[in-house]
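Listed below, chain by chain, are the residues.
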Amino acid sequence: MHVPVMLGECLEYLAIRPDGIFLDATAGLGGHTGAIATRLTNGFVIANDRDAESLALAKSNTVEYADRIRYHHGSFAALPEALAANGVKQVDGLLADLGVSRYQLTEPERGFSLMADGPLDMRMDRSQGQTAEELVNFTSEKELADMIYQFGEERRSRKIARAIVRARPISTTGRLARVIEEAVPRTTRLHPATQTFMALRLAVNNEQGELDGLLDAAPDLVKTGGRIVIVSFMSLEDRKVKQSFQALARAGRATMLTKHVVRPTPEEIRDNPPSRSAKLRAVEMR
Ligand SMILES: C[S@@+](CC[C@H](N)C(=O)[O-])C[C@H]1O[C@@H](n2cnc3c(N)ncnc32)[C@H](O)[C@@H]1O
């Protein structure tokens, strides 16, 4: 069963009103969307995701509350369009639970996982953009090394990039994982390809650029008194969220609701270990 991360905290910071209009920018499997919908009477929640397969799963997981949910397929850049398509200018609360879902990570066919062999895809939106296979096979060694270093924070990036270029063409996650494993020794419990896979995922999906776009657009999408709640899983992302919220507060456009970052409780981490790196921040628009 899918367990939404920091669900209680997300609902609390969103300050759900039964007649409110909410935007779940990253519907995923519909965990948060469904929980928001159960608290609504006249209101509704717009469930957005750039991954059509995930959105279909969200739909079937939330079928009981479908009358209070409007589904929308698109990236963060299309959020204004998601609102317009539902006759809405601004919402009472916007939630973004960043990154990839369990479904994306564990479905070999999607190519995110180094544990299950599958095609090197990694696109959240399979209808467009470059796959990880294209990136791995057609990027110069230097660009690959820089990308693995910058996005994966991997110190052995040059060695890994050299091994990848020598082993090309590479078309599956399993082979890429093996090439990296043979090139660099395992130094921790983590598989030596973990950070490279992370870097490729971030690059394929332009996740940093998407987050910048979200942080730029969100204040205009939320009403005065409405909330923006963002859950991130990487320090790179949390830093961006923190700086953007601080800038809004300094400009008098928002009030910071989370003076310090909010983390999952020890109980949640025990029951749902992938939640351990979650970091939540929230603001209220003025
Ligand atoms: C951690 S999951 C969300 C899980 C969801 N909150 C739930 O409870 O089921 C993140 C989701 O965000 C989506 N996503 C990530 N970046 C996105 C972007 N730039 N635009 C739209 N969706 C995005 C992914 O496709 C994924 O389904």
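Keep in mind the model is a prediction, meaning the values are calculated, not measured.

Peer 1: Provide a residue-level description of the overall build of the chain, including the pertinent values.
Peer 2: Across its full length, the chain holds 13 helices and seven strands. Here the C-alpha atoms of the chain give a radius of gyration of 19 Å, agreeing with the 19 Å that 2.2 N^0.38 yields for 286 residues. Principal-axis analysis of the C-alpha atoms places the extent of the chain at approximately 60 × 40 × 35 Å. Per-residue burial over the chain gives 53% buried out of 286 residues. Contacts spanning at least 24 positions in sequence make up 67% of the contacts within the chain whose residues lie at least 6 apart. Summing over all exposed atoms, the chain offers an accessible surface of approximately 13500 Å²; the carbon and sulfur share of this is 50%. A gap of 6 Å separates the mean positions of the 38 positive and 37 negative side-chain charges of the chain.

Peer 1: Tell me about the pattern of salt bridges, residues and numbers included.
Peer 2: Inspection of every chain in the model, using the stated rule, returns 19 salt bridges. Between glutamate 207 and arginine 201 there is a salt bridge, and its shortest N-O distance comes to 2.8 Å. Via salt bridges that share partners, Asp51, Glu53, Glu109, Arg110 and Arg126 belong to a single interconnected network.

Peer 1: Explain the packing of helix 9 (residues 173-183) against helix 10 (residues 194-204) residue by residue, including any values.
Peer 2: The geometry of helix 9 relative to helix 10 is characterised by a closest axis approach of 10 Å and an angle of 130 degrees between their N-to-C directions. Classified by the angle between their axes, helix 9 and helix 10 sit oblique to one another. The two elements helix 9 and helix 10 meet at a crossing, and its hand is right-handed. Facing helix 9, whose interface residues are Thr173, Leu176, Ala177 and Ile180, helix 10 presents Thr196, Phe197 and Leu200. Each residue belonging to the contact of helix 9 with helix 10 can be placed in one class, and the counts come to five nonpolar, two polar and no charged.

Peer 1: Give me the domain arrangement of the chain: which residues, what numbers.
Peer 2: Along its sequence, the chain is carved into domain 1 (7-99 + 207-285) and domain 2 (126-204). One C-alpha centre belongs to domain 1, the other to domain 2; they are set 30 Å apart. On the domain 2 side, the residues contacting the six residues of domain 1 number seven residues. A buried area of about 650 Å², summed over both sides, lies between domain 1 and domain 2, and 48% of it is on carbon and sulfur atoms. At the junction of domain 1 with domain 2, the criterion picks out two salt bridges. Put simply, arginine 126 and glutamate 53 hold a salt bridge, and the shortest N to O gap is 2.7 Å. Classifying every residue of the side of domain 1 that touches domain 2 by side-chain character gives two nonpolar, two polar and two charged.

Peer 1: So what's going on with the environment of arginine 175? Which residues, and what values?
Peer 2: Turning to its location among the elements, arginine 175 is positioned in helix 9. By relative accessible area, arginine 175 is classed as partly exposed at 33%. A C-alpha to C-alpha distance of 29 Å links arginine 175 and leucine 57, two positions 118 residues apart in sequence. For arginine 175, the contacting residues outside a window of four places in its chain are Asp117, Ala167, Pro169 and Ile170. Reaching out from arginine 175, the side chain makes a polar contact with the backbone oxygen of alanine 167 at a distance of 2.8 Å.

Peer 1: Can you break down the site of the ligand residue by residue, with the values?
Peer 2: Near the ligand lie 26 residues; those nearest to it are His2, His32, Asp49, Asp97 and Glu210. A distance of 3.2 Å separates an oxygen atom of the ligand from a polar backbone atom of glycine 30. At a separation of 2.9 Å, an oxygen atom of the ligand approaches a polar side-chain atom of glutamine 104. Protein burial of the ligand: of its 600 Å² of free accessible surface, 97% is covered by the chains. Those elements that provide at least two residues to the shell around the ligand are helix 2 (31-38) and strand 2 (44-49). The class makeup of the residues in the shell around the ligand is eight nonpolar, 13 polar and five charged.

What counts, and where the lines are drawn
- Note that residues are indexed from 1 along each chain, following the sequence as it is written.
- Local features are withheld for residues below a pLDDT of 70 in this predicted model, meaning they are given only at 70 or higher, and side-chain atom pairs are given and counted only at 80 or more; totals for whole chains, interfaces and linings count all residues.
- The side-chain numbers reported here are obtained from all heavy atoms of the structure, hydrogens and water having been left aside.
- Note on conventions: DSSP H or I runs of at least 4 residues are helices, E runs of at least 2 residues are strands, and numbering of each starts at the N terminus.
- Computation of the radius of gyration draws on C-alpha atoms, with the globule rule given as 2.2 Å multiplied by the number of residues to the power 0.38.
- Here the term buried applies to any residue with accessible area under 20% of the maximum for its type, exposed to any over 50%, and partly exposed to those in between, with areas from a 1.4 Å probe on protein chains only.
- Here, two residues are considered to be in contact whenever any of their heavy atoms come within 4.5 Å of each other.
- Shrake-Rupley sampling with a 1.4 Å probe provides the accessible areas, and residues are treated as covered by the protein chains on show and by no other component.
- Counted as positive: Lys and Arg. Counted as negative: Asp and Glu, with His and the chain ends omitted from the count.
- A single reference atom marks each charge: NZ on Lys, CZ on Arg, CG on Asp, CD on Glu.
- The salt bridge definition used is simple: a Lys or Arg side-chain nitrogen within 4 Å of an Asp or Glu carboxyl oxygen.
- To define axes, lines are fitted to C-alpha atoms, for helices over the stretch in contact only, and angles between the resulting N-to-C directions are given on a 0 to 180 degree scale.
- Just so you know how the angles are binned, under 35 degrees is roughly parallel, over 145 roughly antiparallel, 65 to 115 roughly perpendicular, and the rest oblique.
- The hand of a helix crossing depends on one turn: near helix anticlockwise from the far one by less than a right angle means left-handed, and clockwise means right-handed.
- Each residue receives one of three labels: charged for Asp, Glu, Lys and Arg, nonpolar for Ala, Val, Leu, Ile, Met, Phe, Trp, Tyr, Cys and Pro, and polar for the others, Gly being one of them.
- What counts as a domain boundary in this text is fixed by an automatic or database domain assignment.
- A 1.4 Å probe defines the accessible area here, and the buried area is the portion of it lost by two parts on being joined, summed over both.
- Pairs of N or O atoms within 3.5 Å make up the polar contacts considered here, provided that, within protein, one atom can donate a hydrogen while the other can accept it, and that residues adjacent in sequence are counted only when both atoms are side-chain atoms.
- For this description, a residue counts as near a given molecule or strand if any of its non-hydrogen atoms is within 4 Å of it.

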